[in-house]
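The residues making up each chain are set out below.
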Amino acid sequence: MDRIIRTITSDGSLMASAIDSTDLVYTAQRLHGLTKTSCAALGRLLTGASLMGAMLKGERATLTLKIAGDGPLGGLLALADSRGNVRGFVDNPQVELPPKPNGKLDVSGAVGAHGRLAVIRDFGSGEPYSGQVELVSGEIAEDLTSYYATSEQIPTVCALGVLVDREEGRTLLAGGLLIQALPGADDKALDRLEVNISRLESVTTMLAKGLGPEEMCQAALSGFQVEKLDEFQVHYVCNCSKERIARALLTLGAGELAGLPLNEQGLVETVCQYCNRKYYFSKEELLALTEAARKK
């Protein structure tokens, strides 16, 4: 079962969160039919969004990560709630690229090194907070680190990993680590953290060795007294429904609604972009939606 652990040093200088996201990434791969490369890319973004979403305060708060790169994957999106539950999609899930010379999946080539990362926080009231930065590599973890440094001026280390079977392409392991310096951090604490990070193994290597989120946080904060703030399970969760799809259709406007094609059964077929669940609308329901759109 996927879990997030959030910890803080006793001196209040550093905070670390870690996640085992294997199940939720595998769920996303199954729902979207992801290749090895697209799974690694979307899996990293989902994992990062889950870690960042779990930092939000307020039950209705949500966090959205959007990547618009110049690679063949097109756009990627991940949306998380304040409990770390997440959903997302990629425009072109069937993209597959040859591995890099070192054998690793070419995520940066698939995402693109040029483009933008947007981070949107919606606290359920008032205007959402939104920030954007240029992509620095397309590797996603580096881009999230850059976002925090550039947009929020928070020293941050982000590590994300997805390991897939070389033959079958199935998700084997996925996880992430997010470490941030708090306002009380002094040079001694930052120097100690830098040493720890230089010695840290990759997230998937730690998971493969049997380390859980607790042990990953302890490794990142070695030499500090560490206190656990909270722990909770996380899932890939889609809250779609026919009613939500209908509200989305209304935004198309009366003209476009009236022109939607009917299938052989005389129904309009719609598909949720987050989970690929299909919803059908009869001709009568479509007419009612078109009339409602006109009144708006």
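This report concerns the structure included in the present document. Every value quoted in this text rests on a predicted model; they were computed, and no experiment measured them.

Our next topic: the side chain of Gln29. Mapped onto the secondary structure, Gln29 falls in helix α1 (residues 22-32). Excluding anything up to four places from it in sequence, Gln29 contacts Leu34, Thr35, Cys39, Gly169, Arg170 and Thr171.

Our next topic: helix α5 (residues 187-199). Between the first and last C-alpha of α5 there are 19 Å, a value that for 13 residues agrees with the 18 Å anticipated at 1.5 Å per step. Taken together, the buried residues of α5 touch β2 (14-20), β9 (171-181) and α7 (213-220).

As a further point, take the pairing of strand β5 (residues 86-90). Of all the 5 residues making up β5, 5 are buried; the element is thus mostly covered by neighbouring parts of the structure. Alternating residues of β5 divide into Val86, Gly88 and Val90 and Arg87 and Phe89, and every residue in both groups is buried. In this sheet, β5 lies alongside strand β4 (residues 75-81) in antiparallel orientation, the contact comprising 5 bridges. Each residue of the ladder has a partner; that of Leu79, found in β5, is Arg87. Counted along the chain from β4 to the antiparallel partner β5, the turn is 4 residues long, and its residue Gly84 has a positive phi close to 85°.

Turning next to the sheet that holds strand β7 (residues 129-134). With respect to topology, 5 strands assemble into an open sheet ordered β5-β4-β3-β6-β7, the strand pairing being antiparallel. This sheet does not close on itself; its edge strands, each paired only once, are β5 and β7. Neighbour-to-neighbour, the strand axes of the sheet open up by a mean angle of 10°, direction not taken into account. Inspection of the sheet shows strand β6 (residues 115-122) paired to β7 by 6 bridges, in the antiparallel sense. Across the sheet, residue Arg121 finds its bridge partner in β7, namely Tyr129. Each of β3 (62-69), β6 and β7 is contacted by helix α4 (residues 141-152), which is oriented at about 115° to β7, the strand it contacts most.

Helix α10 (residues 283-295) packs onto helix α8 (residues 242-250) with a crossing angle of 50° between their chain directions and a minimal axis gap of 9 Å. Viewed along their axes, α8 and α10 adopt a mutual orientation that is oblique. Remark: the crossing between α8 and α10 carries right-handed chirality. Touching Lys242, Ala246, Leu249 and Leu250 of α8 are Glu285, Leu289, Ala292 and Ala293, all from α10. Here the contact of α8 with α10 is composed, by residue class, of 6 nonpolar, no polar and 2 charged.

Conventions and cut-offs
Residues numbered from 1 in each chain as written. Predicted model: local features only at pLDDT ≥ 70, side-chain atom pairs only at ≥ 80, totals over all residues. Heavy atoms only, no water. Helix = DSSP H or I, 4+ residues; strand = E, 2+ residues; numbered from the N terminus. Contact = heavy atoms within 4.5 Å. Expected span 1.5 Å × (residues − 1). Buried < 20%, exposed > 50% of the residue type's maximum accessible area, 1.4 Å probe, protein only. Pairing = 2+ DSSP bridges. Axes fitted to C-alpha atoms, helices over the stretch in contact; angles between N-to-C directions. Parallel < 35°, antiparallel > 145°, perpendicular 65-115°, else oblique. Left-handed = near helix turned anticlockwise from the far one by under 90°. Nonpolar A, V, L, I, M, F, W, Y, C, P; charged D, E, K, R; others polar.

Spatial relationships are all this shows, so hold off on functional conclusions.
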